[in-house]
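# Descriptive analysis of the structure
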Amino acid sequence: SAVISQKPSRDICQRGTSLTIQCQVDSQVTMMFWYRQQPGQSLTLIATANQGSEATYESGFVIDKFPISRPNLTFSTLTVSNMSPEDSSIYLCSVLTGDNQPQHFGDGTRLSIL
Amino acid sequence: AQTVTQSQPEMSVQEAETVTLSCTYDTSESDYYLFWYKQPPSRQMILVIRQEAYKQQNATENRFSVNFQKAAKSFSLKISDSQLGDAAMYFCAAQRSNDYKLSFGAGTTVTVRA
């Protein structure tokens, strides 16, 4: 399966600032996704990162708050903008290497906002 | 829309014994996939086992097996010969075959007693 590198692994940020999380894959993948996992909770899909076009956001998530880029088939970024303590979560990227394949996840970014 | 329900917040098992985790789902899709993922304290999401909905045969992967009851929309995970390394949060998930979006259950924390 693909090797997924997610950076940073953790960060502590001040409220009102923004942080960009990177997801790099060692091979081309068909699809990339971003998830949020709030403390003690399950994973919720934020958006599908589309290569060369705007991401597709799920209900409750907007581009102004979570801008996403995917310039090529191996790389994507998620920015958490104007952060508040409620944004403290683990953010995970996942990739799909082909049709009928399972999603594989990066190690996640643990984000804490003070 | 897909919903996934895990009704057991916590399960405890003696080392070398067997434990079964329950999962039910609801979907309007005719073609979909089901998964069990494991998340240890390191927060990495690890694929345990997958089941294609069109296959009647239950999937097995070493000590892990599923009981897939399509009519009942049930997808339970059996862990045999439990090991200390099996201790983790286990998430049941359903994936749509048209856009590959994953929906997760709330998770079950498995504790293994030595």
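Scroll up to find the structure this text is about.
Definitions and cut-offs
Residues numbered from 1 in each chain as written. Chains lettered and ligands numbered in written order. Predicted model: local features only at pLDDT ≥ 70, side-chain atom pairs only at ≥ 80, totals over all residues. Heavy atoms only, no water. Helix = DSSP H or I, 4+ residues; strand = E, 2+ residues; numbered from the N terminus. Rg over C-alpha atoms; globule rule 2.2 N^0.38 Å. Buried < 20%, exposed > 50% of the residue type's maximum accessible area, 1.4 Å probe, protein only. Disulfide = S-S within 2.5 Å. Contact = heavy atoms within 4.5 Å. Buried area = accessible area lost by both parts, 1.4 Å probe. Salt bridge = Lys/Arg side-chain N within 4 Å of Asp/Glu carboxyl O. Polar contact = N/O pair within 3.5 Å; in protein donor to acceptor, adjacent residues only side chain to side chain. Pairing = 2+ DSSP bridges. Axes fitted to C-alpha atoms, helices over the stretch in contact; angles between N-to-C directions.

Below, the discussion takes up the overall build of chain A. Looking only at helices and strands, chain A has 0 helices and 11 strands in total. Helices and strands appear in chain A in the N-to-C order β-β-β-β-β-β-β-β-β-β-β. What you see for chain A is a C-alpha radius of gyration of 13 Å, in line with the 13 Å of a compact globule of 114 residues. Overall, chain A is about 40 × 25 × 20 Å in size when its C-alpha atoms are taken along their principal axes. A buried classification covers 50% of the 114 residues belonging to chain A.

Inspection of every chain in the model, using the stated rule, returns 2 disulfides over all chains. With its sulfur 2.0 Å from that of its partner, cysteine 23 of chain B forms a disulfide with cysteine 92 of chain B. Handedness of the cysteine 23 of chain B-cysteine 92 of chain B disulfide follows from its S-S torsion of about -70°: it is left-handed. Here the residue cysteine 23 of chain B occupies a position in the loop between strand 3 (19-21) and strand 4 (24-27), and cysteine 92 of chain B occupies one in strand 10 (residues 88-96), the gap between them amounting to 69 residues. Pair check on accessibility: cysteine 23 of chain B and cysteine 92 of chain B agree, each one buried. Left without a disulfide partner, cysteine 13 of chain A is nearest to the cysteine sulfur of cysteine 93 of chain A, which lies 17 Å away.

Further remarks concern the interface of chain A and chain B. Counting residues at the interface gives 26 residues for chain A and 18 residues for chain B. In total, chain A and chain B occlude about 1,800 Å² of area from one another, counting both sides; carbon and sulfur atoms represent 51% of this. The tally of links from chain A across to chain B stands at 1 salt bridge. For lysine 101 of chain B, the salt bridge is made with glutamate 58 of chain A, and the minimal N-O distance between the two is 2.7 Å. Counting across the chain A and chain B interface gives 9 residue pairs in polar contact (both at pLDDT 80 or more). Counting only elements with at least two residues in the side of chain A that touches chain B, the list comes to strand 4 (31-37), strand 5 (43-49), strand 9 (89-96), strand 10 (103-105) and strand 11 (109-113) of chain A. Of the residues forming the side of chain A that touches chain B, the biggest block, 4 residues, is contributed by strand 4 of chain A.

Time to look at the sheet that holds strand 3 (residues 19-25) of chain A. All names here are of chain A. Pairing is antiparallel in the open sheet, where 4 strands are placed in the order 1-3-8-7. Only two strands of the sheet have a single partner each, and these edge strands are strand 1 (4-7) and strand 7 (68-72). Each strand of the sheet is rotated relative to its neighbour by a mean of 15°, with strand direction disregarded. Bridging between strand 3 and strand 8 (residues 75-80) involves 6 bridges; their strand directions are antiparallel. Bridged to threonine 20 within strand 8 is threonine 79.

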